[in-house]
Amino acid sequence: MLTITMIAAIVRAYHGSRTAYFFLLAVAAPFVLGLIAIQTESMDSYTLYVEHLGLVSVSIEAMLLALVMTYQITRLYHDKERAVERMEQSIRDSRTDSMTGLPNRMALTQALENLPQQGSLTFIDIDGLKYCNDNFGHARGDELLCTFARGLGVHLGSGAQAHRLGGDEFAITCEQGNVQWIEQALLKTIDDMHAEGFEFAGASSGSAHVHETEDKQKLQHIADCRMYENKRSNKRRRKEDQLYSAMIS
């Protein structure tokens, strides 16, 4: 067993294992001292010296092996910590929209489970993204999405959390359920988009409170229906404004 252990340690040390290297040092040091003790003449005047040398050899081996074990345990601990960090980072990445940096649809599902009774969910659909993509290219459309996401982050602050669901769809969860404040933050965000050169852009929203239904799927359905109702209303208003402008001109 000792021979197999030594061979395995030598092979692992050859391939760069520091643990195997330290293990060989731990075995070699007392081995050398043991050889010295064995080669020492067994005279009565040297008996005490030889016994002490053997004890020192065993003590050194025990201490070195303990250090090797400590080193290995420390490495395992750091490896575990790195593995946990990578796993947590992977979880964060899976719940984050890569373009805007906002939490994604998966994160929204978890957020809905933690919303209190007074909380609210707001669905948002950006108006003008297709027009931007068709006329200015998808890169400019991506800038529109990022501008909108940044604006929401600034104006919502810590009072609510914005999510990007995909495409031009966003959502906001608010534990206080202050829908009017969310609408004001949305209007400020639209003003920011206009200031960034997206004068044609807008947003339609619809909100639902948690106390309206215990079913989170139904809660999303209610907010979605209200958002599309608001979107249709915005389209009618824009058509009326265009007709009125045409009549005046």
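Q: Which residues make up helix α7 (residues 179-195), and what values do they have?
A: Along its 17 residues, α7 runs 24 Å from first to last C-alpha, staying within 8% of the 24 Å computed at 1.5 Å per residue. Taken together, the buried positions of α7 are occupied by Val179, Ile182, Ala185, Leu186, Thr189, Ile190 and Met193. Projected onto a plane normal to the axis of α7, the buried residues spread over an arc of 145° and lie on a single side. Exposed residues lying more than 90 degrees from the buried face of α7 are Gln180 and Ala195. Among the structural elements, β1 (120-127), α6 (138-156), β3 (169-174) and β4 (202-209) are those in contact with the buried residues of α7. With its phi angle positive at about 100°, Gly197 sits one or two positions after the end of α7.

Q: Please set out the environment of Thr100 residue by residue, giving values where relevant.
A: For Thr100, the location among the structural elements is in the loop between α3 (47-94) and α4 (105-113). Remark: the alpha-carbon pair of Thr100 and Thr147, spanning 47 residues in sequence, is separated by 8.7 Å. What Thr100 contacts, discounting residues up to four positions off in sequence, is Leu145, Cys146, Ala149 and Arg164. Polar contacts involving the side chain of Thr100 include one to the side chain of Asp97, which spans 2.7 Å. Within the local environment of Thr100, its side chain forms a polar contact with the backbone nitrogen of Leu102, the two atoms lying 3.3 Å apart.

Q: I'd like a description of the sheet that holds β3, backed by residues and values.
A: With antiparallel pairing, the four strands of this open sheet are ordered in space as β2-β3-β1-β4. With partners counted over all chains shown, the strands left at the sheet margins are β2 (161-166) and β4, one partner each. When the angles between neighbouring strand axes are averaged without regard to direction, this sheet yields 25°. Note that β1 and β3 share six bridges and pair antiparallel. When the bridges of β3 are listed, Phe123 appears paired with Ala171. Lying over the sheet, α4 contacts β1, β2 and β3, oriented at roughly 135° with respect to β2. Lying over the sheet, α7 contacts β1, β3 and β4, oriented at roughly 165° with respect to β4.

The rules behind the values
Residues numbered from 1 in each chain as written. Predicted model: local features only at pLDDT ≥ 70, side-chain atom pairs only at ≥ 80, totals over all residues. Heavy atoms only, no water. Helix = DSSP H or I, 4+ residues; strand = E, 2+ residues; numbered from the N terminus. Expected span 1.5 Å × (residues − 1). Buried < 20%, exposed > 50% of the residue type's maximum accessible area, 1.4 Å probe, protein only. Arc of directions from axis to C-beta. Contact = heavy atoms within 4.5 Å. Polar contact = N/O pair within 3.5 Å; in protein donor to acceptor, adjacent residues only side chain to side chain. Pairing = 2+ DSSP bridges. Axes fitted to C-alpha atoms, helices over the stretch in contact; angles between N-to-C directions.

Geometric values such as these leave the question of function open.
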